[in-house]
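# Summary of the model geometry
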Amino acid sequence: MARNKAPSVKPKPKPKQTTDKSAKPRLNNAERSAYFARREAAKVLHTVLQGDAKRQAVASIKSLVYSPSIRNKKATFALVCQTLKHLRIIKDVLESANILNSKWKRQEELIYIIAYDVLFGKEISLVGGDAEKFLACRKDAMQSALAKLVVRKKAKNIDDFIALYQPPDITKPCYVRVNTLKLDVDSALHELGKQFKVQKDDMIPHLLVLPPHTDLHNHSLVLNGSIFVQGKASSMVAAVLDPKPGWEVLDACSAPGNKTVHLAALMKGKGKIIACELNKDRAKRLEDTVRLSGAANIEVLHGDFLNIDPKGPFSKVSAILLDPSCSGSGTAAQRLDHLLPSRTTDVVDTERLNRLAAFQKKALAHALSCMFSFLIDSNTLILQLLSWYPSCNLKLLISPEPYNSQNERVLRGRVSKKRGI
Ligand SMILES: C[S@@+](CC[C@H](N)C(=O)[O-])C[C@H]1O[C@@H](n2cnc3c(N)ncnc32)[C@H](O)[C@@H]1O
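Fair warning: this is a prediction, and the values are worked out from it, not measured in the lab. (Residues numbered from 1 in each chain as written. Predicted model: local features only at pLDDT ≥ 70, side-chain atom pairs only at ≥ 80, totals over all residues. Heavy atoms only, no water.)

### As for the sheet that holds strand S2 (residues 199-200)
Overall, antiparallel pairing links the four strands, which are arranged S2-S3-S1-S4 in an open sheet. Two strands lie at the open edges of the sheet, namely S2 and strand S4 (227-229), each paired on one side alone. Alignment of strand S1 (residues 174-178) against S4, held across three bridges, turns out to be antiparallel. Its bridge partner lying in S4, Val178 is registered against Ile227. (Pairing = 2+ DSSP bridges. Helix = DSSP H or I, 4+ residues; strand = E, 2+ residues; numbered from the N terminus.)

### Considerations on the site of the ligand
Surrounding the ligand, one finds 19 residues, the nearest of these being Lys259, Glu277, Arg282, Asp304 and Asp323. For the ligand, an oxygen atom lies 3.5 Å from a polar atom in the backbone of Pro256. Contact between the ligand and Asp304: a nitrogen atom at 2.7 Å from a side-chain N or O atom of the residue. Isolated, the ligand exposes 610 Å² of accessible area, and the fraction of that covered by the protein chains is 89%. By residue class, the composition of the shell around the ligand is eight nonpolar, six polar and five charged. (Near = heavy atom within 4 Å. Polar contact = N/O pair within 3.5 Å; in protein donor to acceptor, adjacent residues only side chain to side chain. Areas by Shrake-Rupley, 256 points an atom, 1.4 Å probe, with all protein chains shown as cover. Nonpolar A, V, L, I, M, F, W, Y, C, P; charged D, E, K, R; others polar.)

### Concerning the UniProt feature "binding site: S-adenosyl-L-methionine" (unreviewed entry) in the chain
Mapped onto this numbering, the UniProt entry annotates "binding site: S-adenosyl-L-methionine" (unreviewed entry) at Cys253, Ser254, Ala255, Pro256, Gly257, Asn258, Lys259, Glu277, Asp304 and Asp323. By the secondary structure assignment, Ser254 is in the loop between strand S5 (248-251) and helix H13 (258-266). If we skip the residues at most four places from it in the chain, Ser254 touches Thr260, Ala275, Cys276, Glu277 and Leu286. Relative to the helices and strands, Pro256 is located in the loop between S5 and H13. Look at Pro256 and you get partly exposed, because its relative accessible area is 23%. Once you skip the residues sitting within four places of it in the chain, Pro256 turns out to touch Arg282, Arg285, Leu286 and Thr289. (UniProt positions renumbered as here; feature names shortened; annotations may be inferred. Contact = heavy atoms within 4.5 Å. Buried < 20%, exposed > 50% of the residue type's maximum accessible area, 1.4 Å probe, protein only.)

### Some points on helix H10 (residues 185-193)
Because each turn of an α-helix spans 3.6 residues, side chains separated by three or four positions end up pointing in the same direction. Within the span of H10, buried status applies to Val185, Ala188, Leu189 and Leu192. The buried residues of H10 occupy one face: seen down the axis, they fall within an arc of 100 degrees. Here the buried face of H10 lies against S1, S2, strand S3 (207-210), helix H11 (220-223) and S4. Sitting at the amino-terminal end of H10 is Asp184, which places a side-chain oxygen 3.3 Å from the backbone nitrogen of Asp186. (Arc of directions from axis to C-beta.)

Here it is in structure tokens:
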């Protein structure tokens, strides 16, 4: 057997002398937290900008910031939003001062974040990393490039100049839906009222309204599934469908499952919901939502709704909720999409819209064939389509007459006439 080598004893490196010019300065708490927040913000910004450039649906800014990997959520969120709001100016300044060389181009999101601090941020000392050092040395050049841009744009002052570039400030109230499987509305009102101004929505039962920008991501009622942060339009769908306890409902395109668990609450946990989802990762998210809601009557079906056999095993289904993939225009403000570069230009991604519209058309046609096949014995047939028409976020609720042989044609006729398909 080979004998173990005796561990070589290396002399301990001598601690560096404080006179060493390359030694990094020790950071105080505020500087350290600013340093890390900038790196976390750069990571989020990278994902957001990449997704936006490819026009691919990535997670929203909020969900990226609120992921467990981000430690300083408040500072990171503020930095990402402010940098995005000023991004066009920052890019113009960096370009005219000729700052983004090939080395820093590879970390451009970090440069954008620090440049925001240099040009518009509070007086935070730019220490901690090489990127900070790099831009601190170029602070004067950047500020003079900014001053020249103000003159070129004929703005009266810097505030007027910034206003020229600002996306519209879209503020909407914050809505939460009480999950009545776990908590009643009055208890939720009482609990939230301890911290926030809160009232009942005047239209949708179980929906509460709080001031814009209310941050609830860490609230115990959210964490334990007693309330769901859910927009008014989204909460309207299951409420309008109005499923009765004991029904069997098919939620055709269901992740992340906000409407699925709303259905479950309205059905008071009685009956059955089949929640179909094509995407594997999103199906997992759907399962998490279902678990959090405490609903015991939801069956997650990971698969393609278009492959559900209209003559197949769902003969007891009384309603279909169809909420197919859409442009997300209805939730753009909530997702802060108006801050993204692609939304601040007038370019419309028609190819993507056409693709979505084609899928929605197929999904609608399939839902109709299912409806007229397996909803045959039911006299309450409801098909909910959310965001059917991507660019105007039209919600279409079709509640046909009790089934008869004419229905499909009538319904197809109505839909065709309304939407020009
Ligand atoms: C607009 S989202 C649904 C949102 C959901 N109703 C809610 O309220 O949380 C559309 C979902 O449909 C899924 N999807 C797209 N094509 C599908 C298909 N052919 N079959 C089943 N699910 C599909 C997408 O992956 C996406 O998760």
